[in-house]
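In case you want the letters, here they are:
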Amino acid sequence: MGQKKDLTGSKKSKIVRYLAEGCSSLKIAKLLKRDHRTIKRFIQNSQQGRKKRVEKPMCKITAHELRKVKRAAAKMPLATSLAIFQSCNITGVPKSTRCAILRDMAKVRKAERRPLNKTYKLKRQDWAKKYLKTDFSKVLWTDEMRVSLDGPDGWARGWIGKGQRAPVRLRRQQGGGGVLVWAGIIKDELVGPFRVEDGVKLNSQSYCQFLEDTFFKQWYRKKSASFKKNMIFMQDNAPSHASKYSTAWLARKGIKEEKLMTWPPCSPDLNPIENLWSIIKCEIYKEGKQYTSLNSVWEAVVAAARNVDGEQIKTLTESMDGRLLSVLAKKGGYIGR
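Report follows, based on the coordinates. Each chain carries its own residue numbering, running from 1 in the written order of its sequence. Two thresholds apply to this predicted model, a pLDDT of at least 70 for residue-level local features and 80 or more for giving and counting side-chain atom pairs, whereas whole-chain, interface and lining totals are computed over all residues. In computing side-chain values, all of the structure's heavy atoms are included and hydrogens and water are not.

## So, the nonpolar core
Within this scheme, the nonpolar core is defined by two criteria: the residues are buried Ala, Val, Leu, Ile, Met, Phe, Trp, Tyr or Cys, and they are joined through side-chain atoms within 4.5 Å. Each residue is assigned to one of three classes by its accessible area relative to the maximum for its type, calculated with a 1.4 Å probe on protein chains only: buried under 20%, partly exposed between the two thresholds, exposed over 50%. Of all hydrophobic cores here, the largest spans 39 residues; its most connected members are Trp127, Trp141, Val147, Met261, Ile280 and Ile284. Going through the elements one at a time, α7 (118–130), β2 (139–147), β4 (179–186), β6 (232–234), α12 (273–284), α13 (294–306), α14 (310–317) and α15 (320–329) are the ones with two or more residues in this core. A total of seven residues in this core trace back to one element, the largest contributor, which is α13. Val147 has contacts with Gly178, Val179, Val181, Lys281, Ile284, Tyr285, Val297 and Val301, leaving out every residue within four places of it along the chain. Counting 22 residues, the second largest nonpolar core, distinct from the first, contains Trp182, Val196, Leu211 and Ile255. Only DSSP runs of H or I reaching four residues or more are called helices, and only runs of E reaching two or more are called strands; each is numbered from the N terminus. Any pair of residues with heavy atoms lying within 4.5 Å of one another is described as a contacting pair.

## Some words on the pairing of β2
In terms of burial, β2 is largely enclosed, as nine of its nine residues are buried. Residues Val139, Trp141, Asp143, Met145 and Val147 point to one face of β2 and Leu140, Thr142, Glu144 and Arg146 to the other, with burial holding for every one of them. Where β2 and β6 come together, three bridges link them in parallel fashion. Residue Leu140 lies in a different strand from β6, and its bridge partner there is Phe233. As judged from the seven bridges shared by β2 and β4, these two strands associate in the antiparallel manner. Across the sheet, residue Glu144 finds its bridge partner in β4, namely Trp182. The criterion for strand pairing is that DSSP finds at least two bridges linking the strands in question.

## A word on the pattern of salt bridges
We count a salt bridge whenever a side-chain nitrogen from Lys or Arg sits within 4 Å of a carboxyl oxygen from Asp or Glu. A complete count under the given rule lists seven salt bridges for this structure. Ionic pairing is found between Lys138 and Asp135, a salt bridge with its closest N-O pair at 3.0 Å.

## As for unusual backbone geometry
Of all residues except glycine, most have a negative phi; of all peptide bonds, most are trans. In this structure, Pro193 follows Gly192 across a cis peptide bond, with omega equal to 5°. Along the chain, Pro193 turns up in strand β5 (residues 189–195). Here Asn89, not a glycine, exhibits a phi torsion of approximately 60°, which is positive. One can find Asn89 in the loop between α5 (81–87) and α6 (95–103). Using a relative accessible area of 67% as the deciding quantity, one classes Asn89 as exposed. Residue Cys266 is not a glycine yet carries a positive backbone phi of 55°. You can see Cys266 is positioned in the loop between α11 (244–252) and α12.

## Notes on the sheet that holds β2
Strand pairing in a sheet relies on backbone hydrogen bonds. The paired strands run either parallel or antiparallel. Within the open sheet, the four strands sit side by side as β5-β4-β2-β6. Their pairing is mixed. Each having just a single partner strand, β5 and β6 make up the two edges of the open sheet. Put simply, the sheet's adjacent strands are angled 20° from each other on average, direction ignored. With five bridges connecting them, β4 and β5 associate as antiparallel partners. Bridge assignment links Trp182 to a residue of β5, and that residue is Phe194. The axes used here are C-alpha line fits, helices contributing only the stretch in contact, and every angle between their N-to-C directions lies in the interval 0 to 180 degrees.

Shown next, in the form of structure tokens:
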């Protein structure tokens with residue numbers, strides 16, 4: 001029988017936490033289902049302290065190469081240090097050296113949100129005024145989320161040349177790799193999550209068919225007539241949502257006029273389900289977790305969604321009054337998220 005793998009970073013962190021709580025090495029071994037000797041060895045090595053690091057001389061690059069790196073950093077905003085150096089055909093430079101060189105000419109930044117123009121701000125204010133007296137416990141907030149095998153892909157960080165601004169990075173609602181997930185929240189209830197079939201691009205027809213097979217058949221049809229009469233359906237302005245085909249199809253289902261919430265442009269900060277996506281992503285990608293298949297990441301999403309209790313969802317849906325007031329106070333500007 002082969003040996004077990006070495007302790008992972010997360011297991012080592014748990015050992016330290018258990019020790020702080022007063023657990024014995026034997027109890028820790030049972031909790032982590034690892035050999036007692038392995039746990040004792042890790043504790044002993046930790047107590048002996050780390051070996052003093054031997055400082056190695058920094059790998060030097062020529063002045064000509066330095067100028068190439070500076071030009072590449074300016075042309076490739078948000079790129080990694082490795083990508084910048086590879087574009088200059090400079091190899092064999094360790095990451096610590098690359099970062100030390102780049103710090104003199106650039107800084108790490110993440111993408112900025114798309115700026116709101118005057119028209120968008122006015123539309124956000126009009127929307128807030130329109131729904132200021134709405135009973136938000138009757139609103140079903142919906143959205144899609146794409147999850148990848150390696151982690152969130154919409155908030156990239158990278159090197160930016162000094163004096164430069166981080167470029168705006170658009171968050172794709174559709175397209176790219178990963179699993180596309182749809183869900184909704186209303187009052188203290190989670191609807192879904194439901195998985196969009198792999199390889200299906202959501203256009204108007206496939207979006208409506210998806211809602212028919214999941215939302216309507218598995219959830220909506222079970223609700224009472226009084227619930228259906230009072231429910232307001234919210235969706236953003238993605239092309240598959242806001243098309244004439246989808247609007248007409250929802251109208252035939254009884255979701256029309258005041259039962260279909262209008263939505264202002266560029267306003268993910270106003271949708272409370274975005275906060276639910278953040279909760280789920282923090283859970284499935286914690287401790288740098290990565291996945292080897294689309295099915296495994298989908299299973300993780302389902303498990304994380306089950307752990308979100310009704311009180312958490314209620315907190316999100318009840319935050320809408322405050323969000324509307326914030327939009328009006330900021331004259332249509334982005335609210336904190």
